[in-house]
Amino acid sequence: WQKLLCGKAVKNFQLPVSNVCFVDYDIIPNPFAPDIFSAYNPDGIGFVSQRHNLPYGDINQLLKLIAFYRNKFSKGKYPLDSYLFATPEQLFSDHRLPLYKDYGCGGLFIFNVEKHSHLFEMAFEDNENHALSISNPGEEVVLNHCIQGSGFCSWLDYSWHTLWWYEMPWNYPWLYD
(Lines give C-alpha, C1' and ligand atoms only; values in the text may rest on other atoms or scores of the structure.)
Protein backbone atom coordinates (compact mmCIF):
# COMPACT_ATOMS: atom_id res chain seq x y z
CA TRP A 1 0.00 0.00 0.00
CA GLN A 2 2.90 2.39 0.67
CA LYS A 3 3.65 2.59 -3.04
CA LEU A 4 0.56 4.77 -3.33
CA LEU A 5 2.49 7.39 -1.38
CA CYS A 6 5.58 7.60 -3.60
CA GLY A 7 4.36 10.85 -5.21
CA LYS A 8 3.80 12.36 -1.78
CA ALA A 9 7.37 11.40 -0.81
CA VAL A 10 8.74 13.05 -3.96
CA LYS A 11 6.87 16.23 -3.03
CA ASN A 12 7.83 16.10 0.67
CA PHE A 13 11.52 15.70 -0.15
CA GLN A 14 11.21 18.41 -2.82
CA LEU A 15 12.89 16.19 -5.39
CA PRO A 16 13.26 17.69 -8.86
CA VAL A 17 11.07 14.98 -10.40
CA SER A 18 8.04 15.65 -12.59
CA ASN A 19 7.00 12.11 -13.54
CA VAL A 20 7.35 8.87 -11.60
CA CYS A 21 7.38 5.36 -12.99
CA PHE A 22 6.64 3.09 -10.05
CA VAL A 23 8.08 -0.40 -10.52
CA ASP A 24 7.35 -3.17 -7.99
CA TYR A 25 10.27 -4.96 -6.37
CA ASP A 26 9.49 -8.22 -8.19
CA ILE A 27 9.94 -6.75 -11.66
CA ILE A 28 13.15 -7.19 -13.61
CA PRO A 29 13.60 -4.28 -16.01
CA ASN A 30 14.90 -5.11 -19.46
CA PRO A 31 18.14 -3.13 -19.81
CA PHE A 32 17.60 -2.96 -23.59
CA ALA A 33 14.07 -1.57 -23.40
CA PRO A 34 13.47 1.93 -24.72
CA ASP A 35 12.79 4.76 -22.31
CA ILE A 36 9.29 4.13 -20.95
CA PHE A 37 8.75 7.86 -20.47
CA SER A 38 8.91 8.27 -24.26
CA ALA A 39 5.57 6.40 -24.46
CA TYR A 40 4.00 8.36 -21.61
CA ASN A 41 1.65 11.33 -21.83
CA PRO A 42 2.04 13.38 -18.58
CA ASP A 43 -1.65 14.32 -18.68
CA GLY A 44 -2.58 10.69 -18.01
CA ILE A 45 -1.64 7.87 -15.69
CA GLY A 46 0.17 5.15 -17.60
CA PHE A 47 -1.04 1.63 -16.83
CA VAL A 48 -0.63 -1.77 -18.51
CA SER A 49 -3.66 -4.00 -19.04
CA GLN A 50 -3.68 -7.61 -17.92
CA ARG A 51 -6.74 -8.33 -20.07
CA HIS A 52 -6.61 -6.49 -23.39
CA ASN A 53 -4.12 -6.04 -26.24
CA LEU A 54 -2.07 -9.04 -25.18
CA PRO A 55 0.19 -10.91 -27.63
CA TYR A 56 -1.38 -14.27 -26.72
CA GLY A 57 -4.73 -14.01 -28.46
CA ASP A 58 -7.77 -14.86 -26.37
CA ILE A 59 -7.20 -14.20 -22.64
CA ASN A 60 -9.52 -17.06 -21.68
CA GLN A 61 -7.41 -19.55 -23.64
CA LEU A 62 -4.31 -18.28 -21.87
CA LEU A 63 -5.98 -18.58 -18.46
CA LYS A 64 -7.05 -22.15 -19.29
CA LEU A 65 -3.46 -22.95 -20.17
CA ILE A 66 -2.25 -21.50 -16.85
CA ALA A 67 -4.84 -23.54 -14.93
CA PHE A 68 -3.97 -26.70 -16.88
CA TYR A 69 -0.23 -26.49 -16.17
CA ARG A 70 -0.71 -25.51 -12.54
CA ASN A 71 -3.11 -28.41 -12.04
CA LYS A 72 -0.94 -30.91 -13.89
CA PHE A 73 2.31 -30.08 -12.13
CA SER A 74 0.78 -29.64 -8.68
CA LYS A 75 -0.64 -33.17 -8.89
CA GLY A 76 -4.18 -31.78 -8.85
CA LYS A 77 -3.70 -29.48 -5.84
CA TYR A 78 -4.39 -26.43 -8.00
CA PRO A 79 -7.99 -26.53 -9.27
CA LEU A 80 -8.82 -26.24 -12.94
CA ASP A 81 -11.71 -23.90 -12.15
CA SER A 82 -10.72 -21.08 -9.81
CA TYR A 83 -10.80 -17.35 -9.21
CA LEU A 84 -8.13 -17.15 -11.90
CA PHE A 85 -11.04 -16.85 -14.34
CA ALA A 86 -12.70 -13.91 -12.57
CA THR A 87 -13.55 -11.10 -14.96
CA PRO A 88 -12.53 -7.52 -14.18
CA GLU A 89 -16.18 -6.80 -13.42
CA GLN A 90 -16.25 -9.64 -10.88
CA LEU A 91 -13.04 -8.43 -9.21
CA PHE A 92 -14.44 -4.91 -8.77
CA SER A 93 -17.85 -6.18 -7.71
CA ASP A 94 -16.30 -8.33 -4.98
CA HIS A 95 -14.67 -5.18 -3.59
CA ARG A 96 -17.92 -3.22 -3.86
CA LEU A 97 -16.32 -0.82 -6.34
CA PRO A 98 -17.66 0.56 -9.62
CA LEU A 99 -17.24 -1.87 -12.50
CA TYR A 100 -14.59 -1.48 -15.19
CA LYS A 101 -14.08 -3.68 -18.26
CA ASP A 102 -10.29 -3.71 -18.01
CA TYR A 103 -7.79 -4.57 -15.31
CA GLY A 104 -4.26 -3.22 -15.08
CA CYS A 105 -1.22 -4.65 -13.38
CA GLY A 106 -0.37 -2.77 -10.21
CA GLY A 107 3.32 -3.57 -10.55
CA LEU A 108 4.00 -0.69 -12.91
CA PHE A 109 2.35 2.68 -13.37
CA ILE A 110 3.51 6.13 -14.43
CA PHE A 111 2.12 9.42 -13.25
CA ASN A 112 2.82 13.12 -13.04
CA VAL A 113 3.63 14.08 -9.45
CA GLU A 114 1.77 17.41 -9.43
CA LYS A 115 -1.28 16.25 -11.38
CA HIS A 116 -1.89 12.80 -9.91
CA SER A 117 -0.24 12.25 -6.49
CA HIS A 118 -3.37 13.33 -4.65
CA LEU A 119 -5.37 10.52 -6.29
CA PHE A 120 -3.03 7.87 -4.91
CA GLU A 121 -2.95 9.52 -1.47
CA MET A 122 -6.77 9.42 -1.35
CA ALA A 123 -6.75 5.74 -2.32
CA PHE A 124 -4.24 5.02 0.43
CA GLU A 125 -6.30 6.86 3.02
CA ASP A 126 -9.48 4.99 2.08
CA ASN A 127 -9.05 2.29 4.72
CA GLU A 128 -12.40 0.68 3.93
CA ASN A 129 -10.88 -0.93 0.83
CA HIS A 130 -7.71 -2.17 2.52
CA ALA A 131 -9.31 -5.45 3.60
CA LEU A 132 -7.98 -8.72 2.24
CA SER A 133 -10.24 -10.53 -0.16
CA ILE A 134 -10.40 -13.73 -2.17
CA SER A 135 -9.51 -11.80 -5.32
CA ASN A 136 -6.39 -10.03 -4.19
CA PRO A 137 -4.55 -9.78 -0.88
CA GLY A 138 -3.10 -6.40 -1.83
CA GLU A 139 -3.83 -3.02 -3.28
CA GLU A 140 -4.18 -3.91 -6.97
CA VAL A 141 -7.99 -3.77 -7.21
CA VAL A 142 -8.11 -0.45 -5.38
CA LEU A 143 -5.24 0.89 -7.50
CA ASN A 144 -7.19 -0.10 -10.61
CA HIS A 145 -10.23 1.75 -9.31
CA CYS A 146 -8.09 4.78 -8.47
CA ILE A 147 -6.51 4.94 -11.93
CA GLN A 148 -9.47 3.93 -14.09
CA GLY A 149 -11.98 5.90 -12.06
CA SER A 150 -9.88 9.07 -12.23
CA GLY A 151 -10.53 9.56 -15.93
CA PHE A 152 -6.75 9.86 -16.44
CA CYS A 153 -6.04 6.21 -17.31
CA SER A 154 -3.75 5.98 -20.33
CA TRP A 155 -3.18 2.37 -21.37
CA LEU A 156 0.42 1.56 -22.22
CA ASP A 157 1.50 -1.23 -24.53
CA TYR A 158 1.86 -4.65 -22.90
CA SER A 159 5.52 -4.76 -23.91
CA TRP A 160 6.25 -2.28 -21.12
CA HIS A 161 5.26 -4.80 -18.48
CA THR A 162 5.30 -8.40 -19.65
CA LEU A 163 3.77 -10.66 -17.02
CA TRP A 164 5.78 -13.74 -16.14
CA TRP A 165 2.72 -15.74 -15.10
CA TYR A 166 1.47 -15.27 -18.69
CA GLU A 167 4.83 -15.85 -20.34
CA MET A 168 5.52 -19.10 -18.50
CA PRO A 169 2.62 -21.22 -19.82
CA TRP A 170 2.79 -19.61 -23.26
CA ASN A 171 6.54 -19.84 -23.89
CA TYR A 172 8.14 -21.91 -21.11
CA PRO A 173 5.67 -24.58 -19.91
CA TRP A 174 8.47 -27.02 -19.02
CA LEU A 175 9.35 -24.72 -16.11
CA TYR A 176 6.26 -25.94 -14.28
CA ASP A 177 7.87 -29.38 -13.97
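Placed above this text is the structure.
All values derive from a computational prediction rather than experimental measurement. (Residues numbered from 1 in each chain as written. Predicted model: local features only at pLDDT ≥ 70, side-chain atom pairs only at ≥ 80, totals over all residues. Heavy atoms only, no water.)

A.B. asks: So what exactly am I meant to see when it comes to the overall build of the protein here?
C.D. replies: The helix and strand inventory of the protein stands at 6 helices and 4 strands. Sequence-ordered secondary structure for the protein, helices as α and strands as β, is α-β-β-α-α-β-α-α-β-α. For the protein, whose C-alpha radius of gyration is 17 Å, the value lies close to the compact-globule estimate of 16 Å for 177 residues. Viewed in the frame of its principal axes, the protein has a C-alpha envelope of about 55 × 40 × 25 Å. Each of the 177 residues in the protein was classed as buried or not, and the buried ones make up 45%. Sequence-distant contacts, at least 24 apart, represent 76% of the contacts inside the protein between residues at least 6 apart. For the protein, the centre of its 12 positive side-chain charges and the centre of its 19 negative side-chain charges are spaced 7 Å apart. (Helix = DSSP H or I, 4+ residues; strand = E, 2+ residues; numbered from the N terminus. Rg over C-alpha atoms; globule rule 2.2 N^0.38 Å. Buried < 20%, exposed > 50% of the residue type's maximum accessible area, 1.4 Å probe, protein only. Contact = heavy atoms within 4.5 Å. Lys, Arg positive; Asp, Glu negative; His and termini not counted. Charge placed at Lys NZ, Arg CZ, Asp CG, Glu CD.)

A.B. asks: Would you mind showing me how to read the layout of surface pockets here?
C.D. replies: Left-over empty space is what a probe sized like a water molecule reveals as it rolls over the atoms. Put simply, the largest pocket is a space of about 1300 Å³. Lining of the largest pocket is provided by 42 residues; of these, Ile-27, Cys-105, His-161, Thr-162 and Leu-163 occupy positions nearest its centre. Elements that contribute at least two residues to the lining of the largest pocket include exactly β1 (19-23), β3 (104-112), α5 (140-149) and α6 (164-171). Residues belonging to the lining of the largest pocket are distributed by class as follows: 26 nonpolar, 9 polar and 7 charged. (1 Å grid on protein atoms, 1.4 Å probe; cavity = no way out; pocket = protein on both sides within 12 Å on 5 of 7 lines; lining within 4 Å. Points joined across faces, edges and corners; volume = space filled by probe spheres on them. Nonpolar A, V, L, I, M, F, W, Y, C, P; charged D, E, K, R; others polar.)

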